[in-house]
Amino acid sequence: MTLKLGCIADDYTGASDLANTLTRAGLRTVQTIGVPAADLALPEVDAVVVSLKSRSIEASLAVTRSREADKWLRARGARHVLFKICSTFDSTDAGNIGPVMDALAGDAGDAIVLVTPAFPETKRTVYQGNLFVGAVPLNESPLKDHPLNPMHDANLVRVLARQSHRKIGLVDLATVVHGPEAIGHRLQELAGQGTGAAIVDAVFDADLTAIGAAALKSRVSVGASGIGLGLARALVEAGHVHSHAFAHHADAPVGGAAACLAGSCSQATLQQIAEAERVMPVLRLDAEALLGGRDETQRALGWALERLAQGPVLIASSATPDQVGVLQARHGREAAGHAVEQAMADVAEGLIRAGVRRLIVAGGETSGAVVDRLTIPGFLVGPEIAAGVPVLRAIGAGGGMLLALKSGNFGGPQFFADALELMR
Ligand SMILES: Nc1ncnc2c1ncn2[C@@H]1O[C@H](COP(=O)(O)OP(=O)(O)O)[C@@H](O)[C@H]1O
Ligand SMILES: O=C(O)[C@@H](O)C(=O)COP(=O)(O)O
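The following refers to the structure shown. Numbers given to residues run from 1 along each chain, matching the order in which its sequence is written. A letter from A marks each chain and a number from 1 marks each ligand, given out in the order of writing. Confidence filtering applies because this is a predicted model: local features only for residues at pLDDT of at least 70, side-chain atom pairs given and counted only at 80 or more, and all residues used for totals across whole chains, interfaces and linings. Note that the side-chain values use all heavy atoms of the structure and ignore hydrogens as well as water.

Now for helix α6 (residues 180–192). Only DSSP runs of H or I reaching four residues or more are called helices, and only runs of E reaching two or more are called strands; each is numbered from the N terminus. Helices are assigned an expected span. That span is 1.5 Å times one less than the residue count. End to end, α6 covers 18 Å across 13 residues, agreeing with the expected 18 Å (1.5 Å per residue, within 8%). Burial classification: accessible surface area is computed with a 1.4 Å probe over protein chains only, and a residue below 20% of its type maximum counts as buried, one above 50% as exposed, and the rest as partly exposed. All of the buried residues along α6 are Ala182, Ile183, Leu187 and Leu190. Across the axial projection of α6, the buried residues extend over an arc of 135 degrees, all falling on one side. Residues of α6 that are exposed and point more than 90 degrees away from the buried face comprise Glu181, His185, Gln188 and Gly192. Following α6 by one or two positions, Gly194 adopts a phi angle in the positive range, close to 90 degrees. Starting at the helix axis, one direction is taken to each C-beta atom, and the arc is that of these directions.

In structure tokens:
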């Protein structure tokens, strides 16, 4: 297998979002969980997205794991590696975007790195280095209340400068609209002035097409699904990849019971849970009780087992920012988040034992904890449920299962019903 594109994603929902985008742009793509074991049979593909759970871990660990993934991808022929981050630039001042970018660019020998989280399909745009979520700057969006990495600054040149050893610059929209050569010239100019990474403005998909073509000239780039789209288009355009019509890997029905788990506390997920209450039984977990022992997870499993034969159920730990704040004040931000994630993984494990074969998980960190517990090594991409969220068919251990890993902010109000409709 000779890869045309290597990708390292800092969480599992982000990875499936990117795998979805690349697949739809014509690249045969597989999503792996971590660096694949030598005995995992991978299909012939153009791109591999290695999913890490490295967004909210200690920076040095995120660097080590990303470099291992980079080495694996390069050894399989990938000339360009995209470090996939969140379209809302989820991170803290301690990292992990800057430290991982610095390490990968250092290893690749790139003087300057192109960085853009723009993903216009989901209304993430960048102008003058400022990230907008819909009509509002990042710091006024619901991301200001994220449980693990609240975002309080929309100016990404500033945000990245706090995380990176490199000097950070800007390639503005007025340059981007002039195309790949103009972007390339500006990057060279910035590199000549000692700038080691540049936030690149993008508002429309056409901007990302130009950015992708410019990025392909270097060995590393950093961004969300939008730059993935640009890179895929550039690879097809340059004739490095024959555009492959999307194969519906997830078409064969798997049957079995279906369940949904929500650990995301985003505004979108809270609304989706409220809507789900109209069409399926919903159990809202007591997060304080979850931290107190296994009784609450046992209660959840007992509740689910009584209902699964009649149809899908939803179990949610999700809470409003005020409620999350209370739990975090008592237990600490990371400890609370980690304990809730592990409790959701316990519930997922119990559900699979009870015969669930179709599982929908809302939340990036939550999905990471669940998929790790189920020891699924990778996924093929199926039909798209909502922008950035495909149906996934597990490969290796867990084969024969369908999953959907929903990024907290993605999907329409009826997301859970929409997903179940496509996951037969
Ligand atoms: N009731 C709760 N109180 C505090 N933290 C919670 C609660 N429910 C979930 N969490 C934590 O909030 C975090 C949500 O992050 P994540 O799953 O990545 O969702 P998103 O995709 O919205 O970012 C996880 O660490 C999760 O365990
Ligand atoms: O780029 C995006 O917005 C997503 O792919 C993503 O990474 C979202 O992360 P979570 O909201 O933490 O799932």
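A few words now on the packing of aromatic side chains. Centre-to-centre distance and the angle between the planes together describe a pair of aromatic rings. Here a pair means two rings of Phe, Tyr or Trp (six-membered ring of Trp) with centres within 6.5 Å. Their orientation is stacked below 30 degrees between planes, edge-to-face above 60, and tilted elsewhere. Using the criterion set out here, one finds 2 aromatic pairs in the structure. Between Phe119 and Phe410 the ring centres are 6.3 Å apart and the planes differ by 65 degrees, which places this aromatic pair in the edge-to-face class. With Phe119 in the loop between β5 (113–116) and β6 (124–127) and Phe410 in the loop between β18 (402–406) and α15 (415–422), the pair connects residues that are 291 residues apart, well separated along the chain. With a centroid separation of 5.8 Å and an interplanar angle of 75 degrees, the aromatic rings of Phe415 and Phe416 are classed as edge-to-face. Throughout this description, the term charge over a ring refers to an Arg CZ or Lys NZ atom that lies within 6 Å of the ring centre and within 35 degrees of the ring normal. Over the ring of Phe415 we find Lys406, and its NZ or CZ is 5.8 Å from the ring centre.

Looking at ligand 1, there are 20 residues lining it, with His146, Ser264, Glu341, Glu365 and Thr366 nearest. Within the contact set of ligand 1, an oxygen atom lies 2.5 Å away from a side-chain nitrogen or oxygen of His146. Within 3.5 Å is the distance limit for a polar contact, defined as a pair of N or O atoms, with the added protein rule that one can donate a hydrogen and the other accept it, and that residues adjacent in sequence qualify only through two side-chain atoms. Between Gly364 and ligand 1, the recorded distance is 2.9 Å, taken from a backbone N or O atom to an oxygen atom. In isolation ligand 1 has 570 Å² of accessible area, and contact with the protein removes 95% of it. Looking at the shell around ligand 1, the elements with two or more residues in it are α12 (321–331), α13 (333–353) and α14 (364–373). One heavy atom within 4 Å of a molecule or strand makes the whole residue count as near it. Accessible surface area values rest on a Shrake-Rupley calculation with a 1.4 Å probe, where residue burial reflects the displayed protein chains alone.

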